[in-house]
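# Structural characterization, general
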Amino acid sequence: QTMFGFAVFREQFLAPVLGLTLSTCYFTLTVRRTVPRRLAWYDAVAAIAGLGAALFMAWDWERLLVAVGEQSTEVLVFGVLIVVLVMEGLRRATGWSLFAVVMIFIAYAFIGDLVPGKLKALPVGFNELMIYLAFDPTSVFGTPLVIGAQVVVIFVFLGQLLLKTGGGAFFTDLALSTMGRRRGGAAKVSVVASALFGSISGSATSNVASTGVITIPLMRSTGYSAVDAGAIESVASTGGQFMPPIMGAAAFLMAEFLEISYGTVVVAALVPALLYYFAIFIQVDLVAARQNIKVVSDDLAPAGQVLKAGWHFIIPFAVLLYALFEMQREAEEAAVWATGVIALLGSFRRYKGMKLNPGALFAAFVDTGRISVEMLLILGGAGFVIGVLNITGLGFALTFFLIELGGGNLFLLLLIAAVTCIVLGMGMPTSGVYVLLAALIAPALVEAGVLPLAAHMFILYFGMMSMITPPIALCAFAASATSTTSPGRHW
């Protein structure tokens, strides 16, 4: 590809992105995953080593590719350094769950040739694996990191600009004005607000933290129990990852895996997402009828008044959809246009005293960077898994193993796949879950006759359900902090 008129390898763009991600991670997170009071010398060394190695790899990539074939000591050192730093960064950024899953796959690469039966792998040496994981275009510099660096980051920035200019408050107010006076209105506000906010953030736990501080106390005040309030918010927030147009990082990854347009993914996700929220809506209405829940008693602004104050938040979405479907632009270009629109409008219009001033813009950049570090490390770790599947041949073996386990029965195969998705996804961010499942489970479903897009939507949905599935259920833990009940009671 070309950049600024110069022909460069894709990895020469990705390597500095990975290096900056690693340095930021080690500068801002300690071994115990906390913000450092004072930078430890070993964290400083790790940060400088990660950035320095990545920049050198980008600078001398063409020569290093030749050395890869020879498995020279130089590329081996770079390989070990990148693998170790990415894995430790992944642990610091996301915790032990995803770290453990990736480590299991890396360990399998060393012992897979000793495994009996259909899951036996090709023998792989230590040097070969380290070099492959750090340099092969199907591994750490593969599709997941490409999509994260080129597409997802700009959408994260778009979401942060919307939040910093009052978009989150606008969507919550809109939900209040339209649903607050209905039976069980507080819970319906939670459902609508979580759907609208989730379409911006694409993060279930962020959704709970942002809308839950308003909707959970509101539900409590109208008669819902603390357990019901926390559970409703958890389930509603989880669905935001499935709600177009942003859908977190998974939608962009799906488009790349299937080699289809992002717009096609958005259209395919719309009806299932609406059905998901319709089902929650009906359930909370039935609970309200059974328990005689009262309506929201506060004075609520009419919907027209809310729209008059915040109509400008709708325009970026209109621009995004117009660029995607009418102009047929790439997702990242459409996001740039939408970002420009909200930056312009947010600079001139206030919503509840919030507008895009230099402080808010700086905060948006900081929060985008913080979110992107975690996201890019997740995608880098997922790239390791894909690399192991390719170099060992496990990807093909696992596909045939799952089909055989299902015994030719599609329903049984779907049931096995759903359980596998939920188990693998426990405690992991949805984007990381999806990449793993797309490599492990989706090929088996496609081989059994399921349409590729339907197969990927299926694994995304059940991977997403891990956010509310015991024993980890991250959304339940997030909601319990606001509802002041045990997270186990929200399961």
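A brief structural summary.

Definitions and limits used
- Residues numbered from 1 in each chain as written.
- Predicted model: local features only at pLDDT ≥ 70, side-chain atom pairs only at ≥ 80, totals over all residues.
- Heavy atoms only, no water.
- Patch = residues over 30% accessible without salt bridge, like charges linked within 9 Å, V, L, I, M, F, W, Y side chains within 5 Å.
- Areas by Shrake-Rupley, 256 points an atom, 1.4 Å probe, with all protein chains shown as cover.
- Salt bridge = Lys/Arg side-chain N within 4 Å of Asp/Glu carboxyl O.
- Helix = DSSP H or I, 4+ residues; strand = E, 2+ residues; numbered from the N terminus.
- Buried < 20%, exposed > 50% of the residue type's maximum accessible area, 1.4 Å probe, protein only.
- Contact = heavy atoms within 4.5 Å.
- Polar contact = N/O pair within 3.5 Å; in protein donor to acceptor, adjacent residues only side chain to side chain.

## Observations regarding a nonpolar patch on the surface
On the surface, a nonpolar cluster with roughly 480 Å² of combined accessible area is contributed by Phe-411, Leu-412, Leu-415, Val-419 and Val-423. Positionally, Leu-412 belongs in helix H19 (residues 410-425). Looking at Leu-412, the relative accessible area reads 34%, which means it is partly exposed.

## Side note on the pattern of salt bridges
This structure, assessed with the given rule, holds 12 salt bridges. Two residues, Asp-285 and Arg-183, come together in a salt bridge whose shortest N-O distance is 2.7 Å. Of the two residues, Asp-285 is situated in helix H13 (residues 262-291) and Arg-183 in the loop between helix H8 (167-179) and helix H9 (185-201); the sequence distance between them amounts to 102 residues. In this structure, the salt-bridge partner of Asp-285 is Lys-188, at a minimum N-O distance of 2.7 Å. A residue pair is termed long-range when its members are at least 10 positions apart, and Asp-285 in helix H13 and Lys-188 in helix H9 qualify at 97 residues. Salt bridges sharing common partners tie together Asp-43, Glu-88, Arg-91 and Arg-92.

## Notes on the side chain of His-312
Residue placement: His-312 occurs in the loop between helix H14 (303-310) and helix H15 (314-326). When near neighbours in sequence (up to four residues on either side) are disregarded, His-312 contacts Leu-345, Arg-349 and Arg-350.

## Thoughts on the side chain of Ser-139
Here Ser-139 lies in the loop between helix H6 (126-135) and helix H7 (143-164). The buried category is assigned to Ser-139, whose relative accessible area is 1%. A polar atom in the side chain of Ser-139 sits 2.9 Å from the backbone oxygen of Leu-133. Beyond its immediate chain neighbours, meaning those up to four positions away, Ser-139 contacts Tyr-132, Leu-133, Gly-383, Phe-384 and Gly-387.

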